Amino acid sequence: MSLPDDSRDISALDARRRILEAYSPETLGRLAENLSARIAEHFHQVTGRDGPVLNWAAPIENVATAGAWVDATEAGEHPNLDALEGRFRQLVDACLSHGNNLHHPRYIGHQVPASVPIAALFDFVGSVTNQVMAIYEMGPWATAVERAMIERVGGVLGLDMTKSTGLITHGGSLGNLTALLTARNVVLGDAWESGLAGRERAPVIVVHADAHYGVARSAGVLGLGTNQIIRAALDDRRRMDPQRLDELLARLRSDGTPIVAVSGCACATPIGAFDLLPEIADVCRRHDIWLHVDAAHGGAAAFSDRYRHLVAGLEEADSFICDAHKMMFVPALCAFVFYRNREHRFEAFRQEAPYLFDPSAPGMAEYDSGLMTIECTKRAAAYGLWGIWSLFGRQIFADMVNTTFDLGRRFHEMLAEADDFETLHEPECNIVAFQYVPLRLRGAGRKEVGEFNRGLRRRLIESGKFYIVQTTLDGIGALRVTIINPLTTETDLAELMDTLRDMG
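Residues numbered from 1 in each chain as written. Predicted model: local features only at pLDDT ≥ 70, side-chain atom pairs only at ≥ 80, totals over all residues. Heavy atoms only, no water.

Undergrad: For this particular structure, what's the right way to read the packing of helix α6 (residues 140-156) against helix α13 (residues 383-392)?
TA: Each packed pair of helices is defined by two parameters, the angle between the axes and the distance between the axes. Two numbers describe how α6 lies on α13: the axes approach to 9 Å, and their chain directions differ by 65 degrees. Once α6 is placed against α13, the crossing between them reads as left-handed. The residues of α13 that touch α6, namely those facing W141, A142, V145, M149, R152, V153 and V156, are Y383, L385, W386 and W389. In the contact of α6 with α13, the residues fall into ten nonpolar, no polar and one charged. (Axes fitted to C-alpha atoms, helices over the stretch in contact; angles between N-to-C directions. Helix = DSSP H or I, 4+ residues; strand = E, 2+ residues; numbered from the N terminus. Left-handed = near helix turned anticlockwise from the far one by under 90°. Contact = heavy atoms within 4.5 Å. Nonpolar A, V, L, I, M, F, W, Y, C, P; charged D, E, K, R; others polar.)

Undergrad: So what exactly am I meant to see when it comes to the sheet that holds strand β8 (residues 335-339) here?
TA: To summarise the sheet geometry, strands pair through backbone hydrogen bonds and adopt either a parallel or an antiparallel arrangement. Pairing within the open sheet is mixed, and its seven strands lie in the order β2-β8-β7-β6-β5-β3-β4. With one partner strand each, in any of the chains shown, β2 (165-169) and β4 (229-232) form the two edges of the open sheet. Averaged over all adjacent pairs, the angle separating strand axes in this sheet is 20 degrees, with direction ignored. Pairing analysis gives four bridges linking strand β5 (residues 259-265) to strand β6 (residues 291-294), with the strands arranged parallel. What sits directly across from G264, in β6, is V293. (Pairing = 2+ DSSP bridges.)

Undergrad: Just to check I follow, could you spell out the sheet that holds strand β12 (residues 469-473) for this structure?
TA: Sheet architecture is open: four strands sit in the order β10-β11-β13-β12, paired in antiparallel fashion. One side of each edge strand has no neighbouring strand; the edge strands of this open sheet are β10 (421-423) and β12. Averaged over all pairs of adjacent strands, the angle between strand axes in this sheet comes to 45 degrees, irrespective of strand direction. Looking at chain direction, strand β11 (residues 431-436) and strand β13 (residues 476-482) are connected through four bridges and run antiparallel. Within β13, the position partnered with I431 by the bridge is T482. The strands touched by helix α14 (residues 395-417) within the sheet are β10, β11 and β13, with β11 carrying the most contacts at an inclination of about 15 degrees.

Undergrad: Before we go on, may I ask you to explain the pattern of salt bridges in this structure?
TA: Pairing of side chains with opposite charge becomes possible as their charged atoms draw close. This model, assessed by the stated rule, comprises 32 salt bridges. In this structure, the salt-bridge partner of D323 is K326, at a minimum N-O distance of 2.8 Å. Residue K326 is classed as buried on the basis of its relative accessible area of 16%. Residue E462 is joined to R458 by a salt bridge in which the shortest nitrogen-to-oxygen separation is 3.4 Å. You can see E462 and its partner R458 sitting in helix α15 (residues 446-463), four residues apart, about one turn around the helix. With a relative accessible area of 36%, E462 lands in the partly exposed category. In the salt-bridge network here, residues are joined through shared partners; they are D246, D282, R285, R286 and E316. (Salt bridge = Lys/Arg side-chain N within 4 Å of Asp/Glu carboxyl O. Buried < 20%, exposed > 50% of the residue type's maximum accessible area, 1.4 Å probe, protein only.)

Undergrad: Just checking my understanding: could you explain the packing of aromatic side chains for this structure?
TA: On inspection of all chains with the given rule, the structure shows 15 aromatic pairs. Between Y107 and Y467, the aromatic rings sit 5.4 Å apart at their centres with planes inclined by 5 degrees, giving stacked as the arrangement. Pair noted here: Y107 is in the loop between α4 (81-98) and α5 (117-128) and Y467 is in the loop between α15 and β12, with a separation of 360 residues, a long-range link. Grouping residues by exposure puts Y107 and Y467 together as buried. Look at Y436 and F452: their rings are 6.2 Å apart centre to centre, the planes differ by 40 degrees, and that puts the pair in the tilted class. Here Y436, found in strand β11, pairs with F452, found in helix α15; they are 16 residues apart in sequence, far enough to count as distant. Exposure class is identical for Y436 and F452. Each is buried. One Lys or Arg, R458, reaches over the ring of W56 and ends 5.3 Å from the middle of that ring. (Phe/Tyr/Trp six-rings, centres within 6.5 Å; stacked < 30°, edge-to-face > 60°. Lys NZ or Arg CZ within 6 Å of the ring centre and 35° of its normal.)

Undergrad: Please clarify how the pairing of β11 should be interpreted in this entry.
TA: The side chains of a regular strand alternate, first on one face of the sheet and then on the other. Most of β11 is tucked away, with six of its six residues classed as buried. The side-chain alternation of β11 yields two buried faces, one formed by I431, A433 and Q435 and the other by V432, F434 and Y436. Bridging between β10 and β11 involves three bridges; their strand directions are antiparallel. By the bridge assignment for β11, T423 is matched with F434.

Undergrad: Would you mind showing me how to read the side chain of R239 here?
TA: Within the secondary structure, R239 is located in the loop between β4 and α10 (242-255). Taking relative accessible area as the criterion, R239 reaches 14% and is therefore assigned buried. Residues within four places of R239 in sequence aside, it is in contact with H208, A233, L234, A273, F274, D275 and L276.

Undergrad: So what exactly am I meant to see when it comes to unusual backbone geometry here?
TA: Negative phi characterises most residues that are not glycine, and trans characterises most peptide bonds. Cis peptide bonds are those with omega within 30 degrees of zero, and the linkage from A266 to C267 qualifies with 15 degrees. If you trace the backbone, C267 turns up in the loop between β5 and α11 (277-286). Residue L333 is bonded to the preceding A332 through a cis peptide linkage, with omega at 0 degrees. By secondary structure assignment, the location of L333 is in the loop between α12 (324-327) and β8. A positive phi angle, near 55 degrees, is found at D288, a position not held by glycine. Secondary-structure assignment places D288 in the loop between α11 and β6. Positive phi values are uncommon outside glycine, yet D474 reaches one of about 55 degrees. The class of D474 is exposed, set by a relative accessible area of 62%.

Undergrad: What is the right way to read the environment of G126 from this model?
TA: Its location among the elements puts G126 in helix α5. Separated by 258 residues in the primary sequence, G126 and G384 place their C-alpha atoms 9.2 Å from one another. Discounting residues that sit within four places of it in the chain, G126 has contacts with Q131 and Y383.

Undergrad: I'm lost on a nonpolar patch on the surface in this one. Help?
TA: Nonpolar side chains collect at one region of the surface, where L28, F124, V125 and V128 lie side by side and expose about 340 Å² of accessible area between them. Per element, the largest residue contribution to the nonpolar patch is three residues, and it comes from α5. Along the chain, L28 falls in helix α2 (residues 25-47). (Patch = residues over 30% accessible without salt bridge, like charges linked within 9 Å, V, L, I, M, F, W, Y side chains within 5 Å. Areas by Shrake-Rupley, 256 points an atom, 1.4 Å probe, with all protein chains shown as cover.)

Structure below.
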């Protein structure tokens, strides 16, 4: 049944009013002022250690709460600006009171940092004006910023950027996938166009045994299959063993098995182990094999005079990744992919999109990120990094690496000095795995101690007092921290140990 003309007119007027209000500069200004004040208050609270780290609630509760806000809006009348402002404050409070407070100094969990808050203001500029990339003319400044940061970060990581190049993508998993796709296409020739069917032997990727699951996921996406991942043997410090890698590659070559790449780590997730990259690179060169390195977490060590040795040889890899949203402390997501040989920059995607890429300006292809990334439309991911570097200089990245890596080593010393904690490795960075072993469990089996620690961690994070994670080493459960907030102190770590004792 059609509406009367006056009803249609009223409906159209309401629609226009809602659209104009949503786009109103005055509305934006009012709400932005509210947000600024509330965010400042929030940071005073969490950096002052006031309140929980993790605002724990069961998933079903949080989903219901989030849905209730949406449903209430659907049921109610359209608010005026004053009411809109009040509701906006409530929605912001809902976000802040239900999240994980990564900027709380007692957040020492996953490899996701307490990002430099100011960086988000530059990201806000990119988001509020919707600066996107794929072709240069759609995002000229976003492209310029990204290219400037690729050149500078690549230089810090040891590359000659007149011969090398890179790109930025949304996260380390996409970064690894893009680099390994490039390796597959270069090594296997026509795999992009013809696929992998009909090959006499199935190609493999040789990986660090503790490689991030995203590398095996890449093998599945690339059509190689996760069963074609071969895990290289590790030494007693959980680094890829160069001699045994050499022997493995020799066997594969003698069998006629195609090898897409060797994938090393700097550093591996479980305990933060850094592969001996110069030795690994030498082995790969002898066998003429593409070397890729997942340096998502550890690549930023290159900024530090104290820890640069950990990534020596990274520049010898054919490709590697480095996440700025980890140890460069910018908001997610901002992941670099680098190619030592710039001729490989267009090998991942051999496609044409004539409606995008203008043949009248062929030189622009060098600046069209859509030719090199999985994303066709991509956010301006480098604004935050560019802003922080431009405000504080590159030394701030060295300062944050030194602060957190130093504290990781100090925490290991504190654990070793305590008779009720067991250290499980000597840390090279800010990742430390350990177990709490109370007196009553001194004679228990390793598996029982591991399960006890898993349960203890669950109680700890739900209490909101600290946020740490768990891992599995040689099949046994352990506690694991990543000290990735430069405001965390030795006192916080001592109180973590005491809290584990009290709860355990």
